[in-house]
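Breakdown of the fold
For reference, the chains in residue letters:
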Amino acid sequence: MMQVSVSAMIRGLVTLITAVALPLAAVAADGTVKPTKRKVAASAKASSVKSKSARSKRVRTVAFVPARPSFGQIAGLHTTVDPLELKSSVALVMDQDTNEVLFSKNSAAVLPIASLTKLMTAVVVTDAQLPLDETLTITQDDVDTEKGSRSRLTVGTQLTREEMLHLALMSSENRAAHALGRHYPGGLDAFVAAMNRKAVELGMNDTHYVEPTGLSSRNQSSAHDLASLVKEASTRPLISELSTSPEYQVMVGRRMQAFHTTNGLVRSPEWEIGVQKTGYISEAGRCLVMQAKLAGRKLIMVFLDSAGKYSRIGDAERVRRWVNQLAPVPAVVAPAATTVVHDVPKLTS
């Protein structure tokens, strides 16, 4: 009897110790230990956290995708060496009054021109002499489906033709430029035809337009042709005024919104700019055209396919310093050693 009692006591003690040591486990009838629901839940949670962490790490280690090369890069134009060490693969500096070329680099190359297109858009609009105070409306037709670019001019925005022109030239607003073309007599097709007719009239034989914004890489031109366009645009006081405006406010919906110039040189006291326009799409690189007064001369400057966000501005500054060093004897500003002309075949999209 005494032995039975001791055995029972030992089994009870073992059971008690097991219950205390394994509070999160259940003892099966066969003596094996099974995890409780709380332990299973904790284990599942830990596994889920690890899984999410692994997925997060996989997202952060995606492969680097390089930017799409420009047409100029594909053609090898960036290998051209010039005395000013410009980052633009195409450049031209010309005296507006005498047509004397001071500097030339790949100036015959035909490349996409991005939003430089909007200068011709402005010329055609002013030629048409349409009412500047007429209200135009942004519609779904003006939304960019070519590049998917954004705009603060929401569908339904109503602005005058002059306000649309202002934003197209100063802030390079694509929807504004498209709306200007769409509201032309005969519609968008008639507007593009007028752009190409004007190019022929100005002797821009290397130039072709397919739409009024510059989003299409099929809008193409050469530095020489663009110099002719800048010269023409500089004779239009309205284009000069609007393109060199530093900022402008318009009512978009129920809110007044401020728009700013895409060319920081407009605000610089070292520059006296008469006309300007910037442009960028990946196929064209960074572009800039200007008419500015330097060293007592009205100079037209064209920079195409510049590599780097601010390099076109840097190139313009290099040219400004170079021209100022040549003053005050304009008659000798074009020595052979500083004029580099490289012609390349026309490029097509």
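Residues numbered from 1 in each chain as written. Predicted model: local features only at pLDDT ≥ 70, side-chain atom pairs only at ≥ 80, totals over all residues. Heavy atoms only, no water.

Turning our eyes to something else, we now look at the sheet that holds strand 11 (residues 273-281). Taking strand neighbours across the sheet as the criterion, the five strands line up as 4-3-13-12-11 in an open arrangement whose pairing is antiparallel. Looking at which strands have only one partner, the edges of the open sheet turn out to be strand 4 (101-105) and strand 11. Sheet twist, expressed as the mean angle between neighbouring strand axes with direction ignored, is 10 degrees. Pairing of strand 11 with strand 12 (residues 285-294), which is carried by eight bridges, proceeds in the antiparallel orientation. Note that in strand 12 the partner of Lys-277 across the bridge is Val-289. (Pairing = 2+ DSSP bridges. Helix = DSSP H or I, 4+ residues; strand = E, 2+ residues; numbered from the N terminus. Axes fitted to C-alpha atoms, helices over the stretch in contact; angles between N-to-C directions.)

Counting buried positions along strand 3 (residues 88-95) gives eight out of eight residues, so the element sits mostly inside the fold. Judged from the seven bridges that link them, strand 3 and strand 13 (residues 297-306) form a sheet pairing that is antiparallel. Bridge pairing in strand 13 links Asp-95 to Leu-299. Bridging between strand 3 and strand 4 involves four bridges; their strand directions are antiparallel. What sits directly across from Met-94, in strand 4, is Val-101. Connecting strand 3 to the next strand, strand 4, in antiparallel fashion are five residues, including Asn-99 with a positive phi near 65 degrees. (Buried < 20%, exposed > 50% of the residue type's maximum accessible area, 1.4 Å probe, protein only.)

Looking now at the side chain of Ser-240. By the element assignment, Ser-240 lies in helix 9 (residues 237-243). Each residue touching Ser-240, except ones within four places of it in the same chain, is listed here: Ala-233, Ser-234, Gly-274 and Val-275. (Contact = heavy atoms within 4.5 Å.)

For helix 4 (residues 117-128), which comprises twelve residues, the first-to-last C-alpha distance of 17 Å matches the rise-based estimate of 16 Å (1.5 Å per residue) to within 8%. Counting buried positions along helix 4 yields nine of twelve residues, so the element is predominantly enclosed. Taken together, the buried positions of helix 4 are Thr-117, Lys-118, Leu-119, Met-120, Thr-121, Ala-122, Val-123, Val-124 and Val-125. A positive backbone phi angle near 55 degrees is found at Gln-129, which sits one or two residues after helix 4. (Expected span 1.5 Å × (residues − 1).)

Buried residues dominate helix 6 (residues 174-182), accounting for eight of its nine residues. Asn-174, Arg-175, Ala-176, Ala-177, His-178, Ala-179, Leu-180 and Gly-181 are the residues of helix 6 that are buried. The inward-facing, buried residues of helix 6 abut helix 4, strand 6 (135-137), helix 5 (161-170) and helix 7 (187-201).

Unlike most non-glycine residues, Asn-106 shows phi in positive territory, near 50 degrees. Classification of Asn-106 as buried rests on a relative accessible area of 1%. Positive phi, close to 55 degrees, is recorded for Asp-305, a residue that is not glycine. Along the polypeptide, Asp-305 turns up in strand 13.

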